[in-house]
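Chain and residue survey
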Amino acid sequence: MKNDFINVALPKGRLGEKVYSLFEKAGYPCREAVENSRKLVFENPDAGIRYFWVKPSDVAIYVERGAADIGAAGKDLLIEYGPDVYELADLRTGRCRMAVAAPKGFRDDLSGTLKVATKFSNIAREYYRGKGRDIDIIHLNGSIEIAPILGLSDVIVDIVETGTTLRENNLEVIDTILPISARLIANKSSYRFKNAEIRKLADAIEKVVSHE
Ligand code: PRP
């Protein structure tokens, strides 16, 4: 592929569409990218931009390895996996929080190991290490809220956005671990070699974000 484009990895789904619209407002439009549901790579040669859609949890992998120059990834994934990338801007979208939740009325009696179900094992481990609490991590890949209902775990560590999923499953937040939002990230060597182009884009995006 031609190298004078900025290659952007966008997370497939609702967050990616919001992120795309920030890029569009910043002067990097490519309408086709949000109108075609099956194609995965789109480019606008006039704006020097090429977008591709990938799984949200894969964005940082593309960026870290240089297959994408930049991308948008949730702070949750950046903390959990710690990719070696630059974080250029807070996109202030995809806002939610990482929280501990449990069935309503749950009390941790501290007499045994606490069973914690999560997709975010590192974040959960770090959080409980800070509390000096002995835990057993049960790593799951989705539908985490089911785990305490079925007795697979005592609590969960997961993302809470509106709180609807917790409410509808009789769970409640016990503690908030950290606030989350999407971040603009860059490959370290792209940032050096395409510095002017990437800086221009990042500045334009920051301007859009500050007016949203
Ligand atoms: C996320 C998260 C919660 C839900 C929270 O799940 O894991 O289940 O969203 O949103 P709410 O507070 O607005 O209800 P996601 O849709 O990513 O699916 P998952 O089951 O694969 O984790």
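An account of the accompanying structure is given in this report. What you see is a predicted model; the values in this text were computed from it and never measured.

Attention shifts here to the nonpolar core. Of all hydrophobic cores here, the largest spans 30 residues; its most connected members are V8, F23, Y51, I70, L91, L184 and L201. Sorting the residues of this core by element identifies β1 (6-11), α1 (14-25), β3 (49-54), β4 (70-74), β5 (86-90), β11 (182-186) and α9 (195-211) as the ones contributing at least two each. Per-element tally for this core: the top contributor is α9, with six residues. C96, V100, L114 and I137 belong to the second-largest nonpolar core, a separate cluster that totals 17 residues.

It is worth spelling out the packing of aromatic side chains at this point. Two descriptors summarise a pair of aromatic rings, namely the distance from one centre to the other and the angle between the planes of the rings. Summed over all chains, the structure comprises five aromatic pairs. Considering the side-chain rings of Y20 and Y51, the 5.5 Å spacing of their centres and the 75° angle between planes classify their relative orientation as edge-to-face. Of this pair, Y20 sits in helix α1 while Y51 sits in strand β3, placing them 31 residues apart in sequence. Side by side, Y20 and Y51 carry an identical accessibility label, which is buried. A ring pair is formed by F52 and Y62, whose centres lie 5.9 Å apart and whose planes are at 55°; its orientation type is tilted. With F52 in strand β3 and Y62 in helix α3 (residues 59-64), the pair connects residues that are ten residues apart, well separated along the chain. Judged by relative accessible area, F52 falls into the buried class, the value being 9%. You can call Y62 partly exposed: its relative accessible area is 32%. Taken together through their ring pairs, the aromatic side chains of Y20, F23 and Y51 make up a single cluster.

Two elements in contact, α1 and α9, have axes whose closest approach is 8 Å; the angle formed by their N-to-C orientations is 110°. Relative to α9, the element α1 lies roughly perpendicular. Every residue of α9 that contacts α1 at L22, F23 and K25 is listed here: L201, I205, V208 and V209. Taken together, the residues of the contact of α1 with α9 sort by class into six nonpolar, no polar and one charged.

Taken together, K119, G142, S143, E145, D158, I159, V160, E161, T162, G163, T164 and T165 make up the full set of residues adjacent to the ligand. The side chain of D158 places a nitrogen or oxygen atom 2.7 Å from an oxygen atom of the ligand. Between the ligand and the protein, one listed contact pairs an oxygen atom with a side-chain N or O atom of T162 at 2.4 Å. For the ligand, whose accessible area on its own is 500 Å², the fraction buried by protein is 64%. Elements with a contribution of two residues or more to the shell around the ligand: β9 (155-160) and α7 (164-168). A per-element tally of the shell around the ligand places β9 first, with three residues. Grouping the amino acids of the shell around the ligand by side-chain chemistry returns two nonpolar, six polar and four charged.

With that settled, the discussion passes to the side chain of S153. Mapped onto the elements, S153 comes out in the loop between α6 (146-149) and β9. Among the residues examined, S153 registers a relative accessible area of 4% and is labelled buried. At 2.9 Å, the side chain of S153 forms a polar contact with the backbone oxygen of V155. Excluding anything up to four places from it in sequence, S153 contacts K115, V116, A117, I138, A147 and P148.

So, about helix α5 (residues 121-131). Among all positions of α5, only S121, I123, A124, Y127 and Y128 are buried. When α5 is viewed along its axis, its buried side chains cluster within an angular range of 165° and face the same direction. Exposed side chains of α5 directed beyond 90 degrees from the buried face belong to R129 and G130. The positive-phi residue at the C-terminal boundary of α5 is G132, with phi of around 70°.

Attention now goes to unusual backbone geometry. With the exception of glycine, the majority of residues adopt a negative phi angle, and the majority of peptide bonds are in the trans configuration. The backbone phi angle of R92 is positive, close to 50°, even though this residue is not glycine. Take R92: it is sitting in the loop between β5 and β6 (96-103). Phi at S143 is positive, roughly 45°, even though this residue is not glycine.

Parameters at a glance
- Residues numbered from 1 in each chain as written.
- Predicted model: local features only at pLDDT ≥ 70, side-chain atom pairs only at ≥ 80, totals over all residues.
- Heavy atoms only, no water.
- Core = buried A, V, L, I, M, F, W, Y, C linked by side-chain atoms within 4.5 Å.
- Buried < 20%, exposed > 50% of the residue type's maximum accessible area, 1.4 Å probe, protein only.
- Helix = DSSP H or I, 4+ residues; strand = E, 2+ residues; numbered from the N terminus.
- Phe/Tyr/Trp six-rings, centres within 6.5 Å; stacked < 30°, edge-to-face > 60°.
- Axes fitted to C-alpha atoms, helices over the stretch in contact; angles between N-to-C directions.
- Parallel < 35°, antiparallel > 145°, perpendicular 65-115°, else oblique.
- Contact = heavy atoms within 4.5 Å.
- Nonpolar A, V, L, I, M, F, W, Y, C, P; charged D, E, K, R; others polar.
- Near = heavy atom within 4 Å.
- Polar contact = N/O pair within 3.5 Å; in protein donor to acceptor, adjacent residues only side chain to side chain.
- Areas by Shrake-Rupley, 256 points an atom, 1.4 Å probe, with all protein chains shown as cover.
- Arc of directions from axis to C-beta.

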